[in-house]
Amino acid sequence: MKQFDFQIGRCIFLRLDYGKDLLEQLSEFLEMEGIEAAHISGIGAVRNAEIGYYDQKMREYVKRRVEGGLEILSLSGNVSLKDGKPFPHIHAVLGRDSEIYAGHLFAAEVFACELFIASLDGDIPVRELDELTGLHLWI
Ligand code: ZN
């Protein structure tokens, strides 16, 4: 285990722009504001999402593209440093009618999205490649 201790810093409501990628907008905002550690949650709606899971045997992400409009039923994640930049790691549950898609979020075009960002002050976790899992984990 590895523990990181924080105090909650700035808390922000962020409404993202229509038509632009969710993660790109979030990354740009985090970098602009100098937020290196945070808890993220959000709701809203997106289009044309790319979502997936990590295949533990193959040690690679399996991605699936879902076309069309989707509700963000739940979005949560964290921010830490990777390659010297704030890196948002986001999971989402997306749905419409009786369809549900859930997993690691790679991309999604924003229709309307409201995020809550709780920035954290303290030991900033840095992601480095972990040989055991093949993932970039906090060191
Ligand atoms: Zn993930």
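Please refer to the structure higher up on the page.
Conventions adopted
- Residues numbered from 1 in each chain as written.
- Predicted model: local features only at pLDDT ≥ 70, side-chain atom pairs only at ≥ 80, totals over all residues.
- Heavy atoms only, no water.
- Donors = N, O, S within 2.8 Å, 3.2 Å for Na, K, Ca; no water.
- Core = buried A, V, L, I, M, F, W, Y, C linked by side-chain atoms within 4.5 Å.
- Buried < 20%, exposed > 50% of the residue type's maximum accessible area, 1.4 Å probe, protein only.
- Helix = DSSP H or I, 4+ residues; strand = E, 2+ residues; numbered from the N terminus.
- Contact = heavy atoms within 4.5 Å.

Enquirer: Help me understand the coordination of the zinc ion in this model?
Expert: Where a metal carries four tetrahedral donors, each ideal angle is 109.5 degrees; where it carries six octahedral donors, the ideal angles are 90 or 180 degrees. Here the zinc ion is held by H89 (NE2), H91 (NE2) and H104 (ND1), and the distances to it run 2.1 Å. For the zinc ion, all donor residues lie on one chain, and their spacing in sequence is H-x1-H-x12-H.

Enquirer: Quick question: what am I supposed to make of the nonpolar core here?
Expert: In globular proteins that are soluble, nonpolar side chains generally tend to be buried together. Counting residues in hydrophobic clusters, the biggest one holds 29 residues, and the most contacted among them are L22, I40, L75, L94, L105, L115 and I117. Breaking this core down by element, the ones donating at least two residues are β1 (6-15), α1 (22-33), β2 (38-55), β3 (60-82), β4 (85-96) and β5 (99-122). Per element, the largest residue contribution to this core is seven residues, and it comes from β5. Excluding residues within four positions of it along the chain, L105 makes contact with L22, L23, E50, I51, L75, I90, H91 and L94.

Enquirer: Could you clarify how one ought to interpret unusual backbone geometry in this entry?
Expert: A negative phi angle is the norm for most residues apart from glycine, just as the trans form is the norm for most peptide bonds. One non-glycine residue, D83, adopts positive backbone phi at about 55°. When you line up the elements, D83 lands in the loop between β3 and β4. For D83, a relative accessible area of 71% corresponds to the exposed category. The phi dihedral of D97 is positive, around 50°, even though this residue is not glycine. As for its position among the elements, D97 is in the loop between β4 and β5.

By themselves, these figures tell us nothing about what the structure is for.
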